[in-house]
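Results of the structural survey
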Amino acid sequence: MKQNANLSFIVVIAILLSISNLSLYGQEIINISQTETIKLPLKKVVHYFDNFNNSSLLQYSLKETKIDSISRNENIATLYLTENKNYVSANIITDLNLYQKTIREKSFESNIIMLYKGEYNKETLKYPIKPTINESFSKNGILKWKINIEKIDENFTKLTFIFDSFNKKSKEDFISNFTKGIDNYFNYAILKIYVCENFKLDILKYLENYSKSDASDVPPMKGN
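Residues numbered from 1 in each chain as written. Predicted model: local features only at pLDDT ≥ 70, side-chain atom pairs only at ≥ 80, totals over all residues. Heavy atoms only, no water.

What to know about the pairing of strand β9 (residues 157-163)
Of all the 7 residues making up β9, 6 are buried; the element is thus mostly covered by neighbouring parts of the structure. By the bridge criterion, 6 bridges tie strand β2 (residues 33-38) to β9 in an arrangement that is antiparallel. Its bridge partner lying in β9, Gln34 is registered against Phe161. Sheet topology note: the strand β8 (residues 142-151)/β9 ladder contains 7 bridges and is antiparallel. Residue pairing in the sheet places Ile149 in a bridge with Leu159 of β9. Hairpin connection between β8 and β9: a loop of 5 residues separates the two successive antiparallel strands. (Buried < 20%, exposed > 50% of the residue type's maximum accessible area, 1.4 Å probe, protein only. Helix = DSSP H or I, 4+ residues; strand = E, 2+ residues; numbered from the N terminus. Pairing = 2+ DSSP bridges.)

Let's talk about the nonpolar core
By size, the foremost hydrophobic cluster in this structure holds 42 residues, and its most contacted members are Phe49, Met114, Ile147 and Phe174. Per-element tally for this core: the top contributor is helix α6 (residues 198-215), with 6 residues. In this structure Phe49 touches Ile67, Ile70, Leu79, Ile147, Ile149, Leu159, Ile203, Tyr206 and Leu207, once residues within four positions along its chain are discounted. Counting residues in each nonpolar core, the second largest holds 8 residues, with Ile93, Ile103, Phe108 and Cys196 among its members. (Core = buried A, V, L, I, M, F, W, Y, C linked by side-chain atoms within 4.5 Å. Contact = heavy atoms within 4.5 Å.)

Encoded structure:
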């Protein structure tokens, strides 16, 4: 009985630690994995991505997105991409109702929307007049993505778009970048993350443009 009690205690502690980590790294991530099946053979899709970093067919929104590496075998491939934007990377909201309204109305251009909690820092607490937290603002930063490419048959390919900034390697960098250096008054924590479909749509548009260019024999490469 004592052994079972000890085991139960360990399980409870593990659950509490898990909840703590979720609180630190984002309690809720919505739409983190998105799928799309396209009418292109796997071989062509991989070929189009091989030329992605030097392509002239990229939308403006993808100009600063780069493929870091591609792993592949006969029927599947995985792309790892870095999006280092000098324009808006995240729409940050500190009001739950506004966060929900923004998602519902799709009134955003960024690739992720984040609900933040802001608390006065120690320095701000010293002053009798406190600043008001902004309800909504934007922040630039590095986003990581992964695309799994899977052969369905000879003509169709399935793409799975994964928001990969919370992988083990880049998670701490992501949290640090998107919670620090925002202002001098508040300490910020991420409560929720909604992954928009803008990135997926941009990538699909690139593949569509490349396919059209391929059909017309126009070289889709940048000039020197």
